[in-house]
Every structure is written in C-alpha cells, then in structure tokens.
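# Coordinate analysis (summary)
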Amino acid sequence: MTEQERHEETARANGHEHITGAEALLKCLIAEGVDTIFGYPGGAIMPVYDKLLDYVDKLRHILTRHEQGAAHAAQAYAMVTGKPGICFTTSGPGATNLVTGIANAYLDSVPVIFITAQVVSGLIGTDAFQETDILGVSMPVTKWNCQVKRSQELPDAVAKAFYIATTGRPGPVLIDITKDAQIEKLYFKYKQCNYLRSYNPHIPLNTRAIESASIMINHAERPLILAGHGILISGAVNELREFAEKTGIPVAVTLLGLSCFPTGHRLYTGFLGMHGNYGPNLLTNEADLIIAIGMRFDDRVTGNLKKYAKKARIIHIEIDEAEINKNVQVDLEIHNDAREVLQHLIPLVKQKSYESWIREFRICDKTEYEKVIKQETRPESGDIRMGEVVREVSELTGGKAIIVTDVGQNQMSAARYFKFTEPYTLVTSGGMGTMGFGLPASVGAKTGKPEKQVVAFIGDGGFQMTIQELGTILHYNIPVKLIILNNGFLGMVRQWQDMFFKKRYASTELVNPDFVTVAQGFRIPAKKVEKREDLKGSLAGMLEAEGPYLLEISVEKEGNVLPMVEPGASVSEVTLNYKS
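A brief look at the structure comes next. (Residues numbered from 1 in each chain as written. Predicted model: local features only at pLDDT ≥ 70, side-chain atom pairs only at ≥ 80, totals over all residues. Heavy atoms only, no water.)

## Quick word on the nonpolar core
- Counting 102 residues, the largest nonpolar core has I225, I231, I315, F457, I483 and I553 as the members making the most contacts within it.
- Top element by residues in this core is helix α16 (residues 355-377). It accounts for six residues.
- In terms of domain composition, this core takes at least three residues from each of domain 2 (207-360) and domain 3 (383-554).
- What I231 contacts, discounting residues up to four positions off in sequence, is A236, V237, L240, C260, I293, A338 and L342. (Core = buried A, V, L, I, M, F, W, Y, C linked by side-chain atoms within 4.5 Å. Buried < 20%, exposed > 50% of the residue type's maximum accessible area, 1.4 Å probe, protein only. Helix = DSSP H or I, 4+ residues; strand = E, 2+ residues; numbered from the N terminus. Domains from an automatic or database assignment. Contact = heavy atoms within 4.5 Å.)

## With respect to a nonpolar patch on the surface
- Together, Y106, L107 and M432 make up a nonpolar patch on the protein surface, roughly 230 Å² of accessible area in all.
- By the element assignment, Y106 lies in helix α6 (residues 99-107).
- We classify Y106 as partly exposed; its relative accessible area is 34%. (Patch = residues over 30% accessible without salt bridge, like charges linked within 9 Å, V, L, I, M, F, W, Y side chains within 5 Å. Areas by Shrake-Rupley, 256 points an atom, 1.4 Å probe, with all protein chains shown as cover. Salt bridge = Lys/Arg side-chain N within 4 Å of Asp/Glu carboxyl O.)

## Considering the sheet that holds strand β14 (residues 332-334)
- Here we have six strands laid out as an open sheet, ordered β11-β10-β9-β12-β13-β14, and parallel in their pairing. In the strand order of this sheet, the two ends are held by β11 (268-271) and β14, each with one partner. Neighbour to neighbour, the strand axes of the sheet diverge by 15° on average, direction disregarded.
- Pairing of strand β13 (residues 313-317) with β14 involves three bridges; the strand directions are parallel. When the sheet's bridge partners are listed, I317 is paired in β14 with I334. (Pairing = 2+ DSSP bridges. Axes fitted to C-alpha atoms, helices over the stretch in contact; angles between N-to-C directions.)

## Topic: helix α4 (residues 67-81)
- Helix length check: α4 (15 residues) gives 21 Å between terminal C-alpha atoms against 21 Å at 1.5 Å per residue, within 8%.
- The buried fraction of α4 is high, at 14 of 15 residues. (Expected span 1.5 Å × (residues − 1).)

Here you go:
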C-alpha cells in the first residue's frame, strides 16, 4: 500500500468527506467565518462558482461588474468590519484586473484574501488561453501568495492565507488554484493555522523601551501624538483616547488614521499632511517630542525630510519593523502592536496638561478658519464649494455616517471637513491614491455595515473610471448615497497645473455625460443641484431615501483645496492663500 493509499484509508476511517477542491475551498472559507464574497466568474473558476450554488444559505456572493470593483469592494468590506475581505476571479485578464486593487490593499495594510483560478496544471507555461503568471505579477504587492495544483493542498493553503493576512501588519494574500485542483477530489479536513515557521507576527512586548518612552513623555514640554491607521487596525481607539486624556498631549491624525480620535475632542488638533490642517503641520516643527503610533512617516505627512521635526525627539510605535527608521530616523523604537504598547504605557505616564502648547494649536485653528475654512464651508456667494457640501453632510448625519471617498479634491475635502465622531467610518485609498476606488468601495462598505448610512464623495473623473458598478448597486439594491462633486475637471491634477505649471491645463478638462440620466438608466433615483439654496434640502432628501440615490452637485470649477504643503516644502511652510 502506498503512502497516499494509507492516507486515504485513514481519512475514510476518520469520516472525512470525499469532496472536490472547489467544494473544499468553500468549506474552508465557512470555517474561517466568511459569509460574503465579491467576485466575477470565468472559465477557469467555473467549478467553484458551480459549487457556490449549493452554499447560498451560508455564502453571499456579490457579482460586481469588473474585477477591479470586486477588489475595492472587498477592501472596503474589510475596513468597516475588521474581517478579511474575500475576492474571487478567474484566470488571465480576470486575475490581472485585480492588480490595482491588490496594490491598494497592500499599501493600506488591509487583509483581503484574493482567490484566482488558473488553467489546468498541465498547461502552465504553454501560453494557454487566459494563462497569466499571476504569482509573478502580484508578488510585489501581496504579503504572501501561492499556487495550488493539487486539491489536497487547498486546506493548508487557505489556512495559511488567513493567518498571514490577518496577523502582524495585515495585508492582501493571493491563492491561485488550477482548474484541475478544483475538480480533483480530496478527503477534506480543515484546521486553522496559528503558527508558521520563520513567521513571527507577535513580537514579545519591549517593556524596557516602553519604560524609556514613559520617561521621555513625562519630561516633555511640547509633545505631539501622530496617530495613524495602526490605531484602527490594532483596535487601540479607546487606549489612544485614554493615553491622550491622561497625558494631556494633543493628537494629530494621518489620512487613514481619521476617525481613530473624535474630531470634536479638546485634544484633537487636526489632520496631517499635504492638505491637512494648519496647526498640526506648522507645529510639528515646534514639538520637542513626537509620539508616532501606527503610522509610517509617508512623504505626504513629512514634506521635506531634511526640514522635518528638527526640534523633536521621536518615539515610533510600529508593528512593522521595516517602517522604523525607513524615512525618519527616530530616537526610540518600539516594534510592537499599538494597542499592547498603549495598554502597558498608560499606567507609567503622569497626569499632565499642556494648556499653553494646546493654545498654540487653537491660534492656528483660528487663522485657518478665517483664511480658508470660512470661505470654503460657509461661503456667502459664488458657486457651491466642496467643503460646504461635506459640512452639510457632516451636520445632517451627526458625523456618524461611514464616509467613502474617491481620490483627489473630493477626498481631501471630505478628510478636512467631515467631523468624524465614531471609529472605522472613513473608507479611502491612501498610499495608492486610486481614482475609481470610491464607487465600488461604497458597495463593500454598505454590504459590510448595512445598518450604517454610507455616503460616498466622488469626483466626476473618478466616478467614470468605475461607473459600471452602478450595475452592482442596481442588481442588489444597495442603498448607498452617492455624491458626485462635479467641477468638470480632473480637479487635483488641474490644481497642480494651476499652481506649478502656469495654469496650462493639459488634458484635465472633462466633457461629462448627464450623470442623472446615467443613474436613471440603472434605475437609481438621481438629482442635480446647481444652486446653493437647493443644497441642504437635496442632501436631506438623499439621506432620507430608502434605496440608493445619486446626487450630482455642480461645484466651483477652478477651486483649490488649501492649505497645502507644496512639494519640496517643509511642513511648516504652509500655503494658506493662493491666487493664480
């Protein structure tokens, strides 16, 4: 008797099911708690989709209209639920159409399990119909990937994928499954993975470094907390608030850190970065201690590195060791999970307050309000501004809606002017800056949190990149609220052309379709707003609508999002006023 025959005899004796690889895949997902899949079928993955019909009571499949849409929807689902997103596609173009979405999830540290199909194993390397080396293509933008050629390899591959995607610094993984592995039978047994040799996602707490950090914090005179996406990923929202309130240290957040700290809190100083708030950008260079938690010192946050935070000692709390000292040299590194570190640090720090230091931020707030925010959010005349649209939505929803954005001026306006009161309520594309993200992401966010109001701010350019996902909204009657901020331009590119290319608008002005008619073609109620007096009532009507709704709002055609830290400038060299 061969080893394989002995294995099969033991499996039969233990009552293991004899099922196809396709069915085994679905059972693996169910065992991991999956209930929702986003995807698009094709020839190579057909055995899996055939078996899906037998599991409709346990697995809901959302058929998007493009594979990229499935990837973005799965990422958004993961961001609002805290569970890994799941995405299915076929081989060849189905797999390569995922790459932008995979890269987006990778740069933003979001766990998504991508399942792609492959031609039968005997044809691999022959340039068979719809064969693509998706492992090679996706390797730079996945945390891990593998190819399954035998059905019996599937359970272990899936278990490993979930473990790698969700532990340490999370990220996307990809499993490529040949068609014959989907058809071939195996004796099915599934065991979740909790250990992999040479992979150590949980680093023992560095208590000595944490004690050193507490000493630095207790002696600081002008400290500043920079809170990033890692706060949300680690579930450290409550710990951050407790830490800030005990120490009295002001808090600034990155783009993906938005919603990790209430914007109305007395210690909240604003949003960091190129289009962030004046105070936290300007005063970063006046701080004597920076406590960076779950953030990676991205170039959009630091500006010119040679001029960044030269007066400050820096403590960096970060789960990914590769990010420490990568862009900014730090004085104390704590290579651990943000929540664990804060839980250990809170008892060690003193109860303090920094009223004079915080007053400097409030002075900056007043300057920014008078020079920028007042005109943007409460204009007395002229065209509708993006900022006032965001402000109205924020007030109408009490800051409790999940906000989804596309990329560009709509994104920066939403980040600046929505008052986030609850965590996990911003879904946006950070590191990759993917136009077209907003529409499919709204599908994923609403699918993940059906009880929450989901509002998407999308530019007229980005909307047309994934406009076909209106078909997904129609198909499943997903009650998302879509706001197109229409300025007839690729707005952020036009802004740079205005500011840095002598207003030479090369290929940025758009000739747009009638978005209301397009929406109505998908049987989605829609309305266009062109006058300020119609704005608030139209927004209220949109939010009160039971199903999906699209509101196109004509906004200022050549408006710029300010303040701005211009390329190559220091974070303290902030442009508040600009006239072309």
